[in-house]
Amino acid sequence: MDIDFCLSAKIKRKNPEHYFCPLTAGVLEGTVVKSTGKYSLVKLIDGKVVTTSLKGKMRLQKSRETHVVAVGDKVTLEKRNDDWIIEDILPRRNQLNRKATKLSRSVHVVAANIDQILIIASAKNPKTPLGFIDRVTATAESYSIPSILIINKIDLLDSDEDVEKWTNIGRLYQDIGFEVIPASIYDTESMEKVLEILRGRETLVTGQSGVGKSSIINAIDPVLNIKTSVVSNFNEKGKHTTTFAEMHKLSFGGHVIDTPGVRSFGLIEIDRRFLSHYFPEMEALLGQCKYYDCTHLDEPGCKVKEMVDRGEIAESRYMSYLSMYYEG
Ligand SMILES: Nc1nc2c(ncn2[C@@H]2O[C@H](COP(=O)(O)OP(=O)(O)OP(=O)(O)O)[C@@H](O)[C@H]2O)c(=O)[nH]1
Ligand SMILES: [Zn+2]
């Protein structure tokens, strides 16, 4: 520990009258790498991972959140006897929420302090619905977090028709402004592209079960050896192997946060009146509809609908917009 760390911990402590130096008081900083609710795994600055529990009063705070501590959180810790206690959560740069259950208003913080979201879609076995991609990109946009789309398993595309279909899907998202990488774990070049995107950054990886999240991370950084699951040929749903979000350190710099099969990802904080702001191609038309508060559903003089009718905005994107609008 150096003197800078001592100073930063002093400044970050909430009560000025309680300033003290962690070098003497035994307070340490760490990053939450896994949280199962009551207990969290925290990586200390020296790389050691310790099991921690929350200080009693912290468990009662922020009642809308089912887990007070999230993966990616920077925390201060104290060792009492043999137990590590999380004293405080340092202010978050950002946080990603999702509904705790489909109907509930309480939120589960999936991760905090992230630089980007890697959306892994699969071209086949299982085929990712575009609605899933749109839901994640809209959520990411609402938090101003960049998202990158990986279209995985392109090695499985065995007809010209399917190849063309996915090429067009890739182009659609590229034209909107997203970075798109067609990929396969058997194609080194695509894996190298993904590696460069991950290098030195804090990345949340999301995608439905079986799309190849763990396989891609393992292909890029074999040291990690994340558990992979075998996709059933019958229902294309894939076995669920990941339960809690977990942060993994990449040997070439940066971290990935592996998320459990995401059911109702995000959207809880999005006011549906602003939903079109999170579809960049619709946001670009802001102010061009006849009514300033146009919902783009069926108002006359709606520029968004006009562009959908003219094929300038993809029908699939508009359908996703409608489905999120009515759901939210
Ligand atoms: N053909 C092909 N198979 C792949 C590719 N990527 C992954 N797979 C296979 O797809 C299956 C599922 O991969 P996983 O990496 O376990 O998928 P996951 O997204 O981590 O799944 P969960 O842990 O359930 O969320 C495994 O049998 C992989 O071998 C790919 O690019 N091409
Ligand atoms: Zn409109």
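Residues numbered from 1 in each chain as written. Chains lettered and ligands numbered in written order. Predicted model: local features only at pLDDT ≥ 70, side-chain atom pairs only at ≥ 80, totals over all residues. Heavy atoms only, no water.

Asks: Teacher, can you tell me more about the confidence of the model for the protein chain here?
Replies: Note: predicted coordinates in regions of low pLDDT should not be interpreted at a detailed level. Mean pLDDT over the protein chain works out to 84, with 78% of the residues at or above the 70 mark. The low-confidence segment residues 1-12 (pLDDT under 50) makes 19 contacts with residues lying over four places distant or belonging to another chain. Low confidence marks residues 14-24, where pLDDT is under 50. Its contacts with residues over four positions away, or in another chain, come to 17 contacts. (pLDDT = per-residue confidence, 0-100. Contact = heavy atoms within 4.5 Å.)

Asks: Help me understand the side chain of serine 320, please; the structure alone is not making it clear to me.
Replies: The residue serine 320 is located in helix 9 (residues 315-327) in this model. On the basis of relative accessible area, serine 320 is assigned to the buried category, the value being 7%. The contacts of serine 320, once residues within four sequence positions are left out, are Leu130, Gly131, Asp134 and Phe279. (Helix = DSSP H or I, 4+ residues; strand = E, 2+ residues; numbered from the N terminus. Buried < 20%, exposed > 50% of the residue type's maximum accessible area, 1.4 Å probe, protein only.)

Asks: What exactly am I supposed to notice about the nonpolar core here?
Replies: Proteins that are soluble and globular tend to have nonpolar side chains buried together. Counting 30 residues, the largest nonpolar core has Leu96, Ile114, Ile117, Leu149, Tyr173, Leu204 and Ile257 as the members making the most contacts within it. For this core, the secondary structure elements donating two or more residues are strand 7 (107-112), strand 8 (116-122), helix 3 (130-142), strand 9 (147-152) and helix 4 (160-176). In terms of residue count, the dominant contributor to this core is helix 4 (five residues). (Core = buried A, V, L, I, M, F, W, Y, C linked by side-chain atoms within 4.5 Å.)

Asks: Please clarify how the coordination of the zinc ion (ligand 2) should be interpreted in this entry.
Replies: Six octahedral donors around a metal ideally make angles of 90 or 180 degrees; four tetrahedral donors ideally make 109.5 degrees. In the first shell of the zinc ion (ligand 2), the protein supplies Cys289 (SG), Cys294 (SG), His296 (ND1) and Cys302 (SG), at 2.1 to 2.4 Å from the metal. One can describe the donor arrangement at the zinc ion (ligand 2) as tetrahedral, given that its four donor atoms subtend angles of 105 to 115° at the metal. (Donors = N, O, S within 2.8 Å, 3.2 Å for Na, K, Ca; no water. Tetrahedral: all angles 85-135°; square planar, octahedral: opposite > 155°, others 65-115°.)

Asks: Would you mind going over the packing of aromatic side chains with me for this structure?
Replies: Geometry of an aromatic ring pair is reported as the spacing of the ring centres plus the angle between the planes. Considering all chains together, one arrives at five aromatic pairs under this definition. Their ring planes at 50° and their centres at 6.4 Å tell us that tyrosine 173 and phenylalanine 178 sit as a pair that is tilted. Overall, phenylalanine 178 belongs to the buried group, its relative accessible area being 8%. Feature note: the residues Phe279, Tyr318, Tyr321, Tyr325 and Tyr326 constitute an aromatic cluster, connected by ring pairs. (Phe/Tyr/Trp six-rings, centres within 6.5 Å; stacked < 30°, edge-to-face > 60°.)

Asks: Just checking my understanding: could you explain the side chain of serine 147 for this structure?
Replies: With respect to the secondary-structure elements, serine 147 resides in strand 9. The exposure class of serine 147 is buried, given its relative accessible area of 7%. In contact with serine 147, other than residues within four places in its own chain, are Ile117, Ile119, Thr137, Ala140, Phe178 and Glu179.

Asks: Quick question: what am I supposed to make of the pairing of strand 4 (residues 74-80) here?
Replies: Regular strands show a simple pattern: their side chains alternate between the two faces of the sheet. Relative to strand 4, strand 1 (residues 27-35) runs antiparallel, the two being bridged by five bridges. Its bridge partner being in strand 4, glycine 30 is matched across the sheet by valine 75. Counting the residues in the hairpin turn of strand 4 and strand 5 (residues 83-89) gives two residues, including asparagine 81, whose phi is positive at 55°. (Pairing = 2+ DSSP bridges.)

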